[in-house]
Amino acid sequence: MTTDAEVKPEAPVAPAKMVEIPRVLSVKDLGDLMHVSPVEVIKELMKNGVMASINQVIDFDTAAIVATDMGFEAVETHAQDQREVLVERASGKQTIEEDETKLQPRPPVVTIMGHVDHGKTSLLDAIRETKVTASEHGGITQHIGAYQVHVNDHDITFLDTPGHEAFTAMRARGAQVTDVAVLVVAADDGVMPQTKEAIDHAKAAGVPIVVALNKIDLEDANPDRVKKELSDAGVVVEEWGGDTPMVAVSARSKVGLDDLLSNILVVSEVLDLKANPDREAIGIVVEAELSKTRGPLATVLVKTGTLRDGDYVVVGETMGRVKAMLNEHGKRIKSAGPSAPAEILGLQSVPKAGEMLVVMPDEKSARTTVTERIRQREAAAMHQQAHVTLDTLFGEISAGKLKELNIILKTDVQGSIEPIRSSLERLTNEQVKVKIIHTGSGAVTESDVMLAIASKGIIIAFNTGTEGGAERIATTDKVDIRHYNIIYKIVEDVDKALTGMLEPTFKEVITAHAEVRKVFRVARKNSIAGAYVRDGTIVRTDTARLQRNGAVIAEGKLSTLKRFQEDVREVQTNFECGIQIDGFDSFEEGDVIEFFRIERDT
């Protein structure tokens, strides 16, 4: 019998060491944090099915598994650089919490939008000539992408990049630059397709509109018709009981410019635009280019704070020190406050329009921030779903991440728009609102895709195609474009997506093309095509589609793929091979064989 005294006490379990791990880090950094060799980290990653090099970036979840396996307790660090918080706030991701006592009124930032040939550029030029050069006698006005005018003791900043394309391209990068949109409509032409696009883009951004009725001095000007067409497009002017100011102007004869500027100021007063000039600056890149003589140049619009000569700045994934600042007249300036544009020199590389600029305390902080941003992007690219799709819609709704489904609708004819719009909007339920933010007839354009990116929406195309440029952008940014030729199928798919019942869709991926150059008879009912691979790579598991004189003759799985009598798994471009297709025995010289596979559309 065993006595209590004979029972050996269990050895105490040593508590796991705690290690703080950021959201993303390199394999080497993880090893350093745990004071172990990066080789040991790589071995643990391999055990978990992850092949990584010493400098590869991994996320917290992956790092935590490795740390736990190695006897550590992983804790995610939530410390965030204050300047990163400010960048998020300035881009609209967070609300800026300022000391109310330090806030001061700032000038409004205005973008000119409208249909081509309705006078956007002419209006900008007319305002510049009458309001800018008048106060800068002898000054050489240069194009830097933005300029300020002085009206009734107030400043207004105009973005010299007319059109909703530039406006939406910045929104797509997370930069809400514009405070007021001036919609230019020709009095003799009325509301046109691009006018409607501009209205939809401005509404999607939540930006107030001021209508500039241009070419009012022409004989065939018809203001009443324009007002009705604007009303039909969802913009009701003040004269008709709406809340949108409308000003008659003529860019050619410079009539009504003062009235237009005054209305912009009235709208901006209602917005109560304020910023704190007594802080480190945060700005937005309006334009950027590489000068052969001066290096990378960037026109920056200061959002809040004051940008000064000599500041260390980070812009996107580049950095630098402000060596010089110029205004729109080419004059050197020492500082630029809220809503002021300035061209800066001193960046290491050319940033993208719409990227945020933030002032850093020193060079080391700037370099560290850029390195961290690159690591975060690389880690996010590994498994981030960029935009909502019909396939992911239910999951987004269930997780509470989505309250509105934004849809861009393109059809072959104008008459198809209304029945599809009304059918889709009726699908709105308590969890999510179905919102058609833009409609139009014709193919899906780059502008449509940019709006989808900016609004995190999807595109539905009915009986129409997609332009090549739009297809490339959509593929790169993972924008969901759905093509249909039956209306009820559109409604059915969206309804199923909202309720989580949508079945996955599949797409055909072309892998190679080969040309039949010789036919070999191997048996009475069998032949082998001697083919030359023109492009791509043929894989043994591909499906073959045989085309003759542009028509599809046969389609089937590969039964044989040979190189020099040897069965092979794949054959690459510019090589010859022997091919047999299941159930087909009538090859002819000159036939083209297209190879493809079916993949799930993600």
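What you see is a predicted model, and the numbers here were worked out from it, not measured in a lab.

> An account of the sheet that holds strand β23 (residues 458-462) is requested, with residue identities and associated values reported.
The strands that make up a sheet pair up through hydrogen bonds in the backbone, lying either parallel or antiparallel. The strand order across the open sheet built from 4 strands is β22-β21-β23-β24, with neighbouring strands paired in parallel fashion. Two strands in the sheet have a free side with no partner beyond their single neighbour: β22 (433-441) and β24 (481-484). Along the sheet, successive strands turn relative to each other by an average axial angle of 25°, direction set aside.

> Quick rundown of the pattern of salt bridges? Include the residues and the values.
Inspection of the entire model under this criterion finds 28 salt bridges. In this structure, K28 engages D32 in a salt bridge whose closest nitrogen and oxygen atoms are separated by 3.1 Å. Placement of both K28 and D32 in helix α1 (residues 27-34) is noted, with a separation of 4 residues, approximately one turn of the helix. Given the relative accessible area of 37%, K28 is considered partly exposed. Taking relative accessible area as the criterion, D32 reaches 40% and is therefore assigned partly exposed.

> Residues and numbers for the sheet that holds strand β9 (residues 180-186), please.
Spatially, β7-β8-β6-β9-β10-β11 is the arrangement adopted by the 6 strands of the open sheet, whose pairing is mixed. The open sheet has two edge strands, β7 (146-151) and β11 (246-248), and neither has a second partner. Adjacent strand axes in the sheet meet at a mean angle of 30° when their direction is disregarded. Relative to β9, helix α8 (residues 223-232) is tilted by about 130°, and along the sheet it contacts β9, β10 (209-214) and β11.

> Could you give an account of helix α12 (residues 417-425), with specific residues and numbers?
In an α-helix, one full turn covers 3.6 residues, which means residues spaced three or four apart are oriented alike. Along α12, the residues that are buried comprise I417, I420, S423 and L424. Down the axis of α12, the buried side of the element spans an arc of 145°, and every buried residue falls inside it. Looking at the buried residues of α12, the elements they touch are β21 (404-411), β22, β23 and α15 (487-499).

> An account of the confidence of the model for the protein chain is requested, with residue identities and associated values reported.
Chain-level statistics for the protein chain give a pLDDT mean of 82 and a share of 84% at 70 or above. Note that residues 1-5 has pLDDT below 50 and, in this model, 2 contacts with residues that lie over four places away or in other chains. Counting interchain partners and residues more than four positions distant, the pLDDT-below-50 stretch residues 133-141 has 11 contacts.

> Give me the lowdown on the side chain of S268, citing residues and values where you can.
Mapped onto the secondary structure, S268 falls in helix α9 (residues 257-271). Among the polar contacts listed, one links the side chain of S268 to the backbone oxygen of L265, at a separation of 2.7 Å.

> A description of the side chain of D448 should follow, citing residues and the corresponding values.
If you trace the backbone, D448 turns up in helix α13 (residues 446-455). A relative accessible area of 0% places D448 in the buried class. Within the local environment of D448, its side chain forms a polar contact with the backbone nitrogen of T445, the two atoms lying 2.9 Å apart. Not counting the four nearest positions on each side in its chain, D448 is found in contact with E197, I408, K410, H438, A443 and I459.

> For the packing of aromatic side chains, give the residues involved together with the corresponding values.
Considering all chains together, one arrives at 2 aromatic pairs under this definition. Here R517 stacks its cationic end above the ring of Y532, 4.1 Å away from the centre of that ring.

> Outline the environment of E73, supporting the account with residue identities and numerical values.
Mapped onto the elements, E73 comes out in strand β4 (residues 72-76). Residues E73 and E20, spaced 53 residues apart in sequence, show a C-alpha to C-alpha distance of 8.5 Å.

> Give a description of unusual backbone geometry that names residues and reports values.
Phi at S339 is positive, roughly 70°, even though this residue is not glycine. You can see S339 is positioned in the loop between β18 (335-336) and β19 (341-347). When its relative accessible area of 1% is taken as the criterion, S339 is described as buried. Located in the positive-phi region is K456, a residue other than glycine, with phi close to 55°. Following the sequence through the fold, K456 ends up in the loop between α13 and β23.

> Residue-level account of the nonpolar core, with values.
In terms of nonpolar packing, the biggest core is built from 25 residues, with L123, I127, I156, F158, V182 and L260 touching the most fellow members. For this core, the elements supplying multiple residues, two or more each, are β6 (109-114), α5 (120-131), β7, β8 (154-159), β9, β10 and α9. Here this core takes 6 residues from α9, the largest share from any one element.

> How would you explain the pairing of β23 if you had to name every residue and give the values?
When you tally the buried positions in β23, you get 5 out of 5 residues, the bulk of the element. Relative to β23, β21 runs parallel, the two being bridged by 5 bridges. Residue L409 lies in a different strand from β23, and its bridge partner there is I460. Pairing between β23 and β24: 4 bridges, direction parallel. Bridge pairing in β24 places F462 opposite Y484. The β-α-β motif built from β23, the intervening helix α14 (residues 468-477) and the parallel element β24 has right-handed crossover chirality.

> Residues and numbers for the packing of helix α7 (residues 193-205) against α13, please.
Across the interface, α7 lies against α13 with an axial gap of 11 Å and an inter-helix angle of 10°. Comparing the axis directions of α7 and α13 gives the class roughly parallel. Where α7 approaches α13, its residues E197, H201 and A204 are matched on the opposing element by S447, D448 and L451. Taken together, the residues that form the contact of α7 with α13 break down as 2 nonpolar, 2 polar and 2 charged.

> For the packing of α13 against α14, give the residues involved together with the corresponding values.
In a packed pair of helices, the relevant descriptors are the angle between the two axes and the axis-to-axis distance. Where α13 meets α14, the axes come as close as 8 Å, and the angle between the chain directions of the two elements is 20°. One element, α13, and the other, α14, form an angle in the roughly parallel class. The segment α13 lies against α14, with E446, V449, M450 and I453 engaging G469, A470, I473, A474 and D477. Its residues placed into classes, the contact of α13 with α14 shows 6 nonpolar, 1 polar and 2 charged.

Here is what the cut-offs are and how they apply
- All residue numbers refer to positions counted from 1 along the written sequence of the respective chain.
- Confidence filtering applies because this is a predicted model: local features only for residues at pLDDT of at least 70, side-chain atom pairs given and counted only at 80 or more, and all residues used for totals across whole chains, interfaces and linings.
- By convention in this description, side-chain values take in all heavy atoms of the structure and omit both hydrogens and water.
- By the convention used here, strands pair only if DSSP detects at least 2 bridges between them.
- Elements are defined by DSSP. Helices are runs of H or I of four residues or more, strands are runs of E of two residues or more, and each kind is numbered from the N terminus.
- An axis is simply a line fitted to the C-alpha atoms; with a helix, the fit covers only the stretch in contact. Between two such axes, the angle follows the N-to-C directions and lies from 0 to 180 degrees.
- For this analysis, a salt bridge means a side-chain nitrogen from Lys or Arg found within 4 Å of a carboxyl oxygen belonging to Asp or Glu.
- For every residue, the accessible area (1.4 Å probe, protein chains only) is compared with the maximum for its type, and the residue is labelled buried under 20%, exposed over 50%, or partly exposed between those bounds.
- Contacts between residues were defined by any pair of non-hydrogen atoms, one from each residue, lying within 4.5 Å.
- Note that the arc is defined by the directions from the helix axis to the C-beta atoms.
- pLDDT is a residue-level measure of predictor confidence that goes from 0 to 100.
- Polar contacts, as used here, are pairs of N or O atoms within 3.5 Å; protein pairs need one atom able to donate a hydrogen and one able to accept it. Residues neighboring in sequence count only if both atoms are side-chain atoms.
- Aromatic pairing here means that ring centres of Phe, Tyr or Trp (its six-membered ring) are within 6.5 Å. Orientation follows from the plane angle: under 30 degrees is stacked, over 60 is edge-to-face, and everything else is tilted.
- Only Lys NZ and Arg CZ are tested; either one counts as a charge over a ring when it is within 6 Å of the ring centre and within 35 degrees of the ring normal.
- Joining through side-chain atoms within 4.5 Å is the link that ties buried Ala, Val, Leu, Ile, Met, Phe, Trp, Tyr and Cys residues into a set, and such a set is a nonpolar core.
- A clockwise path from the first strand over the helix to the second, with the strands pointing away from the viewer, defines a right-handed crossover.
- The scheme is simple: roughly parallel for angles under 35 degrees, roughly antiparallel for over 145, roughly perpendicular for 65 to 115, oblique for anything else.
- Basically, the charged four are Asp, Glu, Lys and Arg, the nonpolar ten are Ala, Val, Leu, Ile, Met, Phe, Trp, Tyr, Cys and Pro, and anything else, Gly included, counts as polar.

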